[in-house]
Amino acid sequence: MYPLTARSLGSLAPFFLAALAGCALAPPPIPTPAPAPAPVAKPAVVLPSAQVDRGVQIVLPDTVLFESSKGARADAPRVALVLGSGSARGFAHINMIKALEAAKIKLDLIVGTSAGALIGAFYAAGFTGTQIEDLALKVKDIDIVDMASDTKRGMVMGDTLQTFVNRATRDKPIELLGIPFIAVATKLRTGELATFRSGDLGLAVRVSCSVPSVFIPPKIDDTDYVDGRLVSPVPERIARDAGAYFVIAVDVRSGPLNTTPVGIYEQVMHSFKITGRSLAKLEADQADVVIRPDLVRLASTDFSSRAAFIQIGQSAGTRFAPVTQDKLALWRATKERAERTL
């Protein structure tokens, strides 16, 4: 949630720019994803309990339910990366992706909400983690924000954001991206969760990032949409429902709330933070591996600290990648053993 001031509005721009200035670099060829083998139902597997390291928290559930994805297609994704919302803290997602690349962990699906949708869209389209980091550090505010003349519903149009994403990704629709991608949004009138799995990638990103009162809600078929964080800040369940068996979730909203609100406005905003973090934790803890970078020392609205967020993400990524490799290897080995006993 953001105070509606000129200063806070200006602070939003760098993050959107960082993820979306792909036209500044020539995007790499978009790979064709290899079809995933048919998933096989199997019993639950017991995994080790949570591990905690300084600078990153890695949470492992007690069990992995292989049968959790009902009605999964034969070509359904197996390993999913879920990137949660978090405003400026979303910069930490970049080095999570770089760590996965270095560990050679292949992804079959990316699901993102808000900040996670921005970063995830570019990775799904074929950009490397290094390219996304370069964009984050070089792009200028003026390249992307289109101010609205009618401020009754928002201060930013969002058209330029949508166009920029599509131009950077060569107008590839979601269904033709190198890695299957899902963006999460909220239907404004009903509060229902909405997912975008095909069609206009730029529109999907724009919708997922449309912070109420900042962005004018995009309208699609007479339905207004806003930021996906309102209903699913870390959309683990969306990945499961799409057929993922092993889910890696990155929650950048975690950490203690160390401030005591004084005024009425501060108390209201603080209550929203409590609700959002509680929902994010509830969702993320259902994943097979949860990564929580230590971002407490930096405010989620501090868009001037891009490099610091990225650096913290690198520290967390370096720690979590080997653990994720081990757990994924254990999961696959147990899966193979279960298949042989069927």
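Remember, it's a predicted structure, so these values are computed and weren't measured experimentally. (Residues numbered from 1 in each chain as written. Predicted model: local features only at pLDDT ≥ 70, side-chain atom pairs only at ≥ 80, totals over all residues. Heavy atoms only, no water.)

## Looking at the packing of aromatic side chains
Okay, so step 1: All chains considered together, the criterion is met by four aromatic pairs.
Okay, so step 2: Ring geometry for phenylalanine 196 and tyrosine 225: centres 5.5 Å apart, planes at 75°, overall edge-to-face. One end of the pair, phenylalanine 196, is in strand S8 (residues 193-196); the other, tyrosine 225, is in strand S10 (residues 223-227), with 29 residues separating them in the sequence. With respect to class, phenylalanine 196 is no different from tyrosine 225; both count as buried.
Okay, so step 3: Ring geometry for tyrosine 245 and tryptophan 331: centres 6.4 Å apart, planes at 55°, overall tilted. Placement of the pair is tyrosine 245 in the loop between helix H7 (236-241) and strand S11 (246-250) and tryptophan 331 in helix H9 (residues 306-341), with a sequence separation of 86 residues. (Phe/Tyr/Trp six-rings, centres within 6.5 Å; stacked < 30°, edge-to-face > 60°. Helix = DSSP H or I, 4+ residues; strand = E, 2+ residues; numbered from the N terminus. Buried < 20%, exposed > 50% of the residue type's maximum accessible area, 1.4 Å probe, protein only.)

## Focus: the environment of leucine 279
Okay, so step 1: With respect to the helices and strands, leucine 279 occurs in helix H8 (residues 264-284).
Okay, so step 2: The exposure class assigned to leucine 279 is partly exposed, which follows from its relative accessible area of 27%.
Okay, so step 3: When residues no more than four places from it in sequence are discounted, the contact partners of leucine 279 are Leu230, Val231, Ser232 and Pro233. (Contact = heavy atoms within 4.5 Å.)

## Here we look at helix H5 (residues 159-168)
Okay, so step 1: Burial in H5 covers these residues: Leu161, Gln162, Phe164, Val165, Asn166 and Ala168.
Okay, so step 2: Phi for arginine 170, located one or two positions after H5, is positive at around 60°.

## So, the side chain of asparagine 166
Okay, so step 1: Here asparagine 166 lies in helix H5.
Okay, so step 2: Taking relative accessible area as the criterion, asparagine 166 reaches 10% and is therefore assigned buried.
Okay, so step 3: Of note is the side chain of asparagine 166, whose polar atom sits 2.9 Å from the side chain of aspartate 200.
Okay, so step 4: When sequence neighbours within four positions are dropped, the list of residues in contact with asparagine 166 reads Asp171, Asp200, Leu201 and Gly202. (Polar contact = N/O pair within 3.5 Å; in protein donor to acceptor, adjacent residues only side chain to side chain.)

## Remarks on the packing of helix H3 (residues 115-124) against helix H6 (residues 201-208)
Okay, so step 1: Following both chains from N to C, one finds H3 and H6 inclined at 160°, their axes separated by 8 Å at the closest point. Considering the angle they form, H3 stands roughly antiparallel to H6. The way H3 lies across H6 gives a crossing that is left-handed. Each of Ala117, Leu118 and Ala121 in H3 lies in contact with H6, whose residues at this interface are Leu201, Val205 and Ser208.
Okay, so step 2: Taken together, the residues that form the contact of H3 with H6 break down as five nonpolar, one polar and no charged. (Axes fitted to C-alpha atoms, helices over the stretch in contact; angles between N-to-C directions. Parallel < 35°, antiparallel > 145°, perpendicular 65-115°, else oblique. Left-handed = near helix turned anticlockwise from the far one by under 90°. Nonpolar A, V, L, I, M, F, W, Y, C, P; charged D, E, K, R; others polar.)

## Brief notes about the environment of aspartate 108
Okay, so step 1: In this fold, aspartate 108 is placed in the loop between helix H2 (93-102) and strand S6 (109-113).
Okay, so step 2: Look at aspartate 108 and you get buried, because its relative accessible area is 8%.
Okay, so step 3: Linking aspartate 108 and leucine 81, residues 27 residues apart in sequence, is a C-alpha distance of 8.2 Å.
Okay, so step 4: Within the structure, aspartate 108 has its side chain in polar contact with the side chain of lysine 106 (distance 2.9 Å).

## Section: the pattern of salt bridges
Okay, so step 1: Tallied over the entire structure, the rule returns 13 salt bridges.
Okay, so step 2: For aspartate 108, the salt bridge goes to lysine 106, with nearest N and O atoms at 2.9 Å.
Okay, so step 3: Classification of lysine 106 as partly exposed rests on a relative accessible area of 46%.
Okay, so step 4: One salt bridge in this structure joins glutamate 236 and arginine 240, with 2.5 Å as the shortest N-O distance. Taken together, the positions of glutamate 236 and arginine 240, both in helix H7 and four residues apart, correspond to about one turn of that helix. (Salt bridge = Lys/Arg side-chain N within 4 Å of Asp/Glu carboxyl O.)

Purely geometric stuff here, so don't read any function into it on its own.
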